[in-house]
Amino acid sequence: MPTPPLSNELAIEALEALNRNDGKFHLAAIELGLNANTLHARVKKAKERGLHLSEGAQSAMRDAGLNGSEAKGGWIHNYNDAGNKVGTTRWSAPVDEAETNKFLDTIRGAIDDLKNDDFPTYEPRDKPDGECLLVIDLADVHIGKLCVETETGYTYSRDIAVRRMVEGTRELIRKASGMGIGRILFVLGNDILHVDGPRSTTTSGTYQDSHGTIHQMYRDAVAGYVKAIEIARLTAPVDLIFCPSNHDWLMGWCLAREVGAWFRNAPDVTATEYNLSETHRKYYRFQDNLIGVTHGDGAKEADLYPLMMTEARAHISECSHRYWYVHHLHHKIRKQAGVTSHKREKDHIGMTMMHNAVRSSEGDNVQIEYVRSPSPPDGWHHRNGYINRQAVECFVHHPYDGQDGRFTVWF
């Protein structure tokens, strides 16, 4: 007797079970009382039918005569007249217009909420006596991340995130105040928002446990940045620089532009077009210091040294001290790369390990430093054992001697 065709109801049931079990086929199969191979077959059929796609994508799939896998997009091979492969082209299926308009309406709503705000006029302050640069890097704050104490042992909300931004900035400046600060580089971005739209997902579509709506997260992030930068400018003129990231690639950029606009009347806060652009890697020159910032989800760490040598080559010969500040991992890693490479420091669970440095000339190498995050592990990170020491950090650079100090505020 032939096997009856799989119904859409059973196919959808398989997809939903797989989602509930974080993509683990064996757990989903146990839940449904199925053999793992049977579950694999049902999920495959479901995706071929496009049941994992939105209604708009399913409609586009049917109109284009594609199956569910093809509708997601793919690579097309390009050939010349002789039949030789000369390259590939990436294509994507049509986007659900209704979903796109809904997302754009959300962004328009957030912008409309801010139109009536009066941007303040700031009075100029006395020029500071110091000569050093203070880099304030509030990395991976993840405003909107939800951490529940009964699940993870930590509590984190939008209010806590903003408080750590503001109080952390205040305490970092207090600690660094004796170093002779004459200018401040304030780093924006680096997953400042936990999600990138109204559906509690990252830019790539990964669902996140969230606290509040995207509008609330956005407003809280603006408020946190404005207060922190206002505190910073009491010490020295501030340069803003934006670092795009994977959780909030679009909204993080909008947020950085909003913060830059907020301080448009402040004579001691600078936000250039380059510094607030969507460029993934950026460089900042301070006397003999060349500083690169990148989130850490893009270019490989091994490529950071040659990238700096190539992308900032106009400054290389004049800068004997070269640094990368990297983010994304939420814990401390310090290493040297270039002519000689070695580890210097690394956070492990419950401890930080210091490594003996190999004697070398700093000018021949680049110093790579991952910055700690003030946000604790959420449910997914805690289940997988990714436990970080929560902190905000700043770095002091002497104009001719390089990085001269580092300060940490723990939470």
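This one's a predicted model, so the numbers in the text were calculated from it and none came from an experiment. (Residues numbered from 1 in each chain as written. Predicted model: local features only at pLDDT ≥ 70, side-chain atom pairs only at ≥ 80, totals over all residues. Heavy atoms only, no water.)

Details of the overall build of the protein
Part 1 of the argument: Counting its secondary structure elements, the protein contains 12 helices and 15 strands.
Part 2 of the argument: Burial analysis of the protein (411 residues in total) assigns 46% to the buried set.
Part 3 of the argument: The contacts of the protein with a sequence gap of at least 6 include a subset with a gap of at least 24, amounting to 69%. (Helix = DSSP H or I, 4+ residues; strand = E, 2+ residues; numbered from the N terminus. Buried < 20%, exposed > 50% of the residue type's maximum accessible area, 1.4 Å probe, protein only. Contact = heavy atoms within 4.5 Å.)

Things to note about the nonpolar core
Part 1 of the argument: Counting 54 residues, the largest nonpolar core has F186, L188 and I229 as the members making the most contacts within it.
Part 2 of the argument: Counting only elements with at least two residues in this core, the list comes to strand 3 (132-137), helix 7 (158-176), strand 4 (181-189), helix 8 (214-233), strand 5 (238-243), helix 9 (249-262), strand 14 (391-398) and strand 15 (402-410).
Part 3 of the argument: The element that contributes the greatest number of residues to this core is helix 8, accounting for 11 residues.
Part 4 of the argument: With near-sequence residues (within four places) excluded, I229 lies in contact with F186, L188, V238, L240, V259, F263 and V269. (Core = buried A, V, L, I, M, F, W, Y, C linked by side-chain atoms within 4.5 Å.)

A short note on the environment of D137
Part 1 of the argument: Looking at where D137 falls in the secondary structure, it is placed in strand 3.
Part 2 of the argument: Put simply, D137 and V392 are 255 residues apart on the chain and 7.3 Å apart in space, counted from C-alpha to C-alpha.
Part 3 of the argument: When sequence neighbours within four positions are dropped, the list of residues in contact with D137 reads V187, N190, Y325, H327, V371, E393 and F395.

What to know about the side chain of R164
Part 1 of the argument: Examined against the element boundaries, R164 turns out to sit in helix 7.
Part 2 of the argument: The charged side chain of R164 is buried without a salt bridge, its nearest counter-charge being E149 at 11 Å.
Part 3 of the argument: Within the structure, the side chain of R164 is placed 2.5 Å from the backbone oxygen of P374, a separation counted as a polar contact.
Part 4 of the argument: Dropping the residues within four chain positions of it, R164 is found in contact with Y156, T169, P374, P376, Q390, V392 and F411. (Lys, Arg positive; Asp, Glu negative; His and termini not counted. Salt bridge = Lys/Arg side-chain N within 4 Å of Asp/Glu carboxyl O. Polar contact = N/O pair within 3.5 Å; in protein donor to acceptor, adjacent residues only side chain to side chain.)

Focus on the sheet that holds strand 14
Part 1 of the argument: On the basis of which strands lie adjacent, the open sheet formed by six strands has the order 6-5-4-3-14-15 and mixed pairing. Strand pairing shows two members of the sheet lacking a second neighbour, strand 6 (269-270) and strand 15, which therefore form its edges.
Part 2 of the argument: Bridge analysis of strand 14 against strand 15 gives eight bridges, and the strand direction is antiparallel. Bridge assignment links H398 to a residue of strand 15, and that residue is G402.
Part 3 of the argument: Sitting on the sheet, helix 8 is in contact with strand 3, strand 4, strand 5 and strand 6, with an inclination near 170° to strand 4.
Part 4 of the argument: Its contacts with the sheet put helix 9 on strand 4 and strand 5, and the angle it makes with strand 5 is roughly 165°. (Pairing = 2+ DSSP bridges. Axes fitted to C-alpha atoms, helices over the stretch in contact; angles between N-to-C directions.)

Things to note about helix 9
Part 1 of the argument: End to end, helix 9 covers 20 Å across 14 residues, agreeing with the expected 20 Å (1.5 Å per residue, within 8%).
Part 2 of the argument: Turning to helix 9, its buried residues are M251, G252, C254, L255, A256, E258, V259, G260 and W262. (Expected span 1.5 Å × (residues − 1).)

A few points about helix 10 (residues 304-311)
Part 1 of the argument: When helix 10 is considered as a whole, its buried residues turn out to be L304, L307 and M308. Viewed end-on, helix 10 has its buried residues packed into an arc of 100°, placing them on one side of the element.
Part 2 of the argument: In the core, the buried residues of helix 10 are packed alongside strand 7 (282-286), strand 8 (289-294), helix 11 (313-316), strand 9 (321-326) and strand 13 (365-370). (Arc of directions from axis to C-beta.)

Notes on the packing of helix 1 (residues 8-20) against helix 3 (residues 36-48)
Part 1 of the argument: Direction vectors running N to C along helix 1 and helix 3 enclose 110°, while the axes themselves pass 8 Å from each other. Between helix 1 and helix 3, the angle is such that the two are roughly perpendicular. Along its contact with helix 1, which presents L10, A11, E13, A14, L15 and L18, the element helix 3 presents L39, R42, V43, A46 and K47.
Part 2 of the argument: Here the contact of helix 1 with helix 3 is built from residues that sort into eight nonpolar, no polar and three charged. (Parallel < 35°, antiparallel > 145°, perpendicular 65-115°, else oblique. Nonpolar A, V, L, I, M, F, W, Y, C, P; charged D, E, K, R; others polar.)

Looking at the pattern of salt bridges
Part 1 of the argument: This structure, assessed with the given rule, holds 19 salt bridges.
Part 2 of the argument: With its nearest N and O atoms 2.7 Å apart, the salt bridge here joins E369 to R406. Note that E369 is positioned in strand 13 and R406 in strand 15, a separation of 37 residues in sequence.
Part 3 of the argument: Residue classification places E369 among the buried residues on the basis of a relative accessible area of 4%.
Part 4 of the argument: Across the pair E393 and R372 runs a salt bridge whose closest N-O atoms are separated by 3.0 Å. Of this pair, E393 sits in strand 14 while R372 sits in the loop between strand 13 and helix 12 (379-383), and the two are 21 residues apart along the sequence. Both residues of the pair, E393 and R372, belong to the buried class.
Part 5 of the argument: Through salt bridges with shared partners, one network takes in K332, R334, E345, E369, R372, E393 and R406.

So far we have only geometry, and geometry alone does not tell us how the molecule works.
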